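Okay, here's what each chain looks like letter by letter:
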Number of protein chains: 2
Amino acid sequence: MQNSEAMALSAALLAVAGGLTQRINEGVIARGFDGVRPAHGFAFTRLAPDGATVTDLAVHLGMTKQAASQLVDELVRKGYAERRPHPRDARARLVVMTERGWACTRAAEEVAAEAVREWTDLLGEREVRTLAEQLLRIAPRGPVRPAW
Amino acid sequence: MQNSEAMALSAALLAVAGGLTQRINEGVIARGFDGVRPAHGFAFTRLAPDGATVTDLAVHLGMTKQAASQLVDELVRKGYAERRPHPRDARARLVVMTERGWACTRAAEEVAAEAVREWTDLLGEREVRTLAEQLLRIAPRGPVRPAW
DNA sequence: ACCATATAGTCAAGCAGCTTGACCATCACG
DNA sequence: CGTGATGGTCAAGCTGCTTGACTATATGGT
């Protein structure tokens, strides 16, 4: 395969990913969850289902724990999460989602499902399913810097 | 298709895209092009092959023209691009890539091709080709905010 | 030919989100 | 039980973006 084909694939991949990110973010905001950024969604995926510490979040999001702590401040201030004492470590705090946080993630799921449905219209359900399988197989393991 | 499947697909897509972005950036830096950011790569794709104005770049990158102008300042300072007078509009300036800029894009192509080759090892060439075709078909048209 | 408006670009100031550095409280282990 | 490691926060600074204001040139109606 030629370099130019690799670039076309890469460009398409990044365009689809960027468009999806943008669309989910806008859709969630349109459903009344204002002030959310894509990074919050990535945080939610780590917070669910059992909560996480600030350090966990920092690793997951590929940022310093100070930045993660500031992000949690923001989530708490906006009512999406809260800090609870950690059951087994008095130094740590367990960050958990509030009901509003859960509602926000459900909204994000709905918007994502809507986008995927359009892809199904274009490609067919079978193709979308294989697309998902292939992406899962080539997805890097471990914490990936979300980069948005 | 259920919402959870849509989220799995979305997460995989974003993980692959984030990993690819990170990898290309690191690979390009490792080849001696220091100080480049992913946004520069997106700028390069618009600059090639005939150059572009600052306003073109701003639309392409989904940012204000002031930000695009600052980005061009940076590219010029680092030797990747230069400003030339626009042939048909005395207000505008044509931003074109230098030889170093071209070398940098070739390096990015090599790194991307390397990543795609690994996907081919995992999925097979035929599957990667259909993956590319499917992504091209669902890629949003027009300027997409790169989001990194 | 002229003027009104639109467009290309820059300068300047401000801000959001991240970083680095320093620090305290608590844990884990010799 | 003390010593280094770990979880978290505070404070300051930086980078890349934004908004606002401005100049120079182009465009189009009269």
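Residues numbered from 1 in each chain as written. Chains lettered and ligands numbered in written order. Predicted model: local features only at pLDDT ≥ 70, side-chain atom pairs only at ≥ 80, totals over all residues. Heavy atoms only, no water.

Visitor: Hey, could you run me through the relation of the copies chain A and chain B in this one?
Guide: The transformation that overlays chain A on chain B combines an axial shift of 0.0 Å with a rotation of 180°, and the residual RMSD is 0.0 Å. What we have between these two chains is a two-fold relation. Here 100% of the contact residues of chain A are again contact residues in chain B; the copies associate through an equivalent surface. (Least-squares fit on C-alpha atoms with pLDDT ≥ 70 in both. Contact = heavy atoms within 4.5 Å.)

Visitor: Explanation requested: the protein's contact with DNA strand C in the structure shown.
Guide: As a matter of local geometry, DNA strand C sits amid 19 residues, with T64(A), Q66(A), K65(B), S69(B) and R91(B) nearest to it. Considering DNA strand C, the proportion of its atoms within 4 Å of the protein that are sugar or phosphate atoms stands at 58%. A distance of 2.6 Å is found between a base oxygen of DNA strand C and a side-chain nitrogen or oxygen belonging to Q66(A). Residue V54(B) places a main-chain N or O atom 3.3 Å away from a phosphate oxygen belonging to DNA strand C. Of all the elements in the fold, those that place two or more residues in the surface near DNA strand C are α4 (65–77) of chain A together with α3 (54–61) and α4 (65–77) of chain B. Considered class by class, the residues forming the surface near DNA strand C number 5 nonpolar, 7 polar and 7 charged. (Near = heavy atom within 4 Å. Polar contact = N/O pair within 3.5 Å; in protein donor to acceptor, adjacent residues only side chain to side chain. Helix = DSSP H or I, 4+ residues; strand = E, 2+ residues; numbered from the N terminus. Nonpolar A, V, L, I, M, F, W, Y, C, P; charged D, E, K, R; others polar.)

Visitor: Please explain the interface of chain A and chain B as it appears in this structure.
Guide: Quite often, the size of an interface is put as the accessible area lost when its parts meet. Each partner contributes residues to the interface: chain A has 46 residues there, and chain B has 46 residues. Of all residues in chain A, the largest losses of buried area upon contact with chain B belong to L9(A), L14(A) and I138(A), amounting jointly to 14% of the total for that side. Here R129(A) and E5(B) are joined by a salt bridge, their closest N and O atoms 2.7 Å apart. Secondary structure elements with two or more residues in the side of chain A that touches chain B: α1 (3–30), α5 (99–123) and α6 (125–138) of chain A. With 17 residues, α1(A) is the largest single contributor of residues to the side of chain A that touches chain B. Counted by class, the side of chain A that touches chain B contains 30 nonpolar, 8 polar and 8 charged residues. (Buried area = accessible area lost by both parts, 1.4 Å probe. Salt bridge = Lys/Arg side-chain N within 4 Å of Asp/Glu carboxyl O.)

Visitor: What exactly am I supposed to notice about the protein's contact with DNA strand D here?
Guide: Surrounding DNA strand D, one finds 19 residues, the nearest of these being K65(A), S69(A), R91(A), T64(B) and Q66(B). Among all atoms of DNA strand D positioned within 4 Å of the protein, those belonging to sugar or phosphate total 56%. Between DNA strand D and the protein, one listed contact pairs a phosphate oxygen with a side-chain N or O atom of T55(A) at 2.9 Å. Within the side chain of R83(A), an N or O atom sits 2.9 Å from a phosphate oxygen of DNA strand D. Of all the elements in the fold, those that place two or more residues in the surface near DNA strand D are α3 (54–61) and α4 of chain A together with α4 of chain B. Each residue belonging to the surface near DNA strand D can be placed in one class, and the counts come to 5 nonpolar, 7 polar and 7 charged.

Visitor: Help me out: how do you make sense of the packing of α1(A) against helix α1 (residues 3–30) of chain B in this one?
Guide: Direction vectors running N to C along α1(A) and α1(B) enclose 125°, while the axes themselves pass 9 Å from each other. By the angle between their directions, the pair α1(A) and α1(B) is classed as oblique. Crossing geometry of α1(A) relative to α1(B) is assigned as left-handed. Along its contact with α1(A), which presents S10(A), L13(A), L14(A), V16(A), A17(A), L20(A) and T21(A), the element α1(B) presents S10(B), L13(B), L14(B), V16(B), A17(B), L20(B) and T21(B). Residue classes in the contact of α1(A) with α1(B) are distributed as 10 nonpolar, 4 polar and no charged. (Axes fitted to C-alpha atoms, helices over the stretch in contact; angles between N-to-C directions. Parallel < 35°, antiparallel > 145°, perpendicular 65-115°, else oblique. Left-handed = near helix turned anticlockwise from the far one by under 90°.)

Visitor: Is there a simple way to think about the pattern of salt bridges in this case?
Guide: Should their charged atoms come close, side chains of opposite charge can pair. Residue and element names in this part refer to chain A. On inspection of all chains with the given rule, the structure shows 23 salt bridges over all chains. The residue D89 makes a salt bridge to R91 at a minimum N-O spacing of 3.0 Å. With a shortest N-O distance of 3.0 Å, R106 and E99 are connected by a salt bridge. On the basis of relative accessible area, R106 is assigned to the partly exposed category, the value being 42%. One network of salt bridges, with partners in common, ties together R23, R31, E110, E114 and E118. (Buried < 20%, exposed > 50% of the residue type's maximum accessible area, 1.4 Å probe, protein only.)

Note that every value here comes from positions in space, so none of it alone points to a role or purpose.
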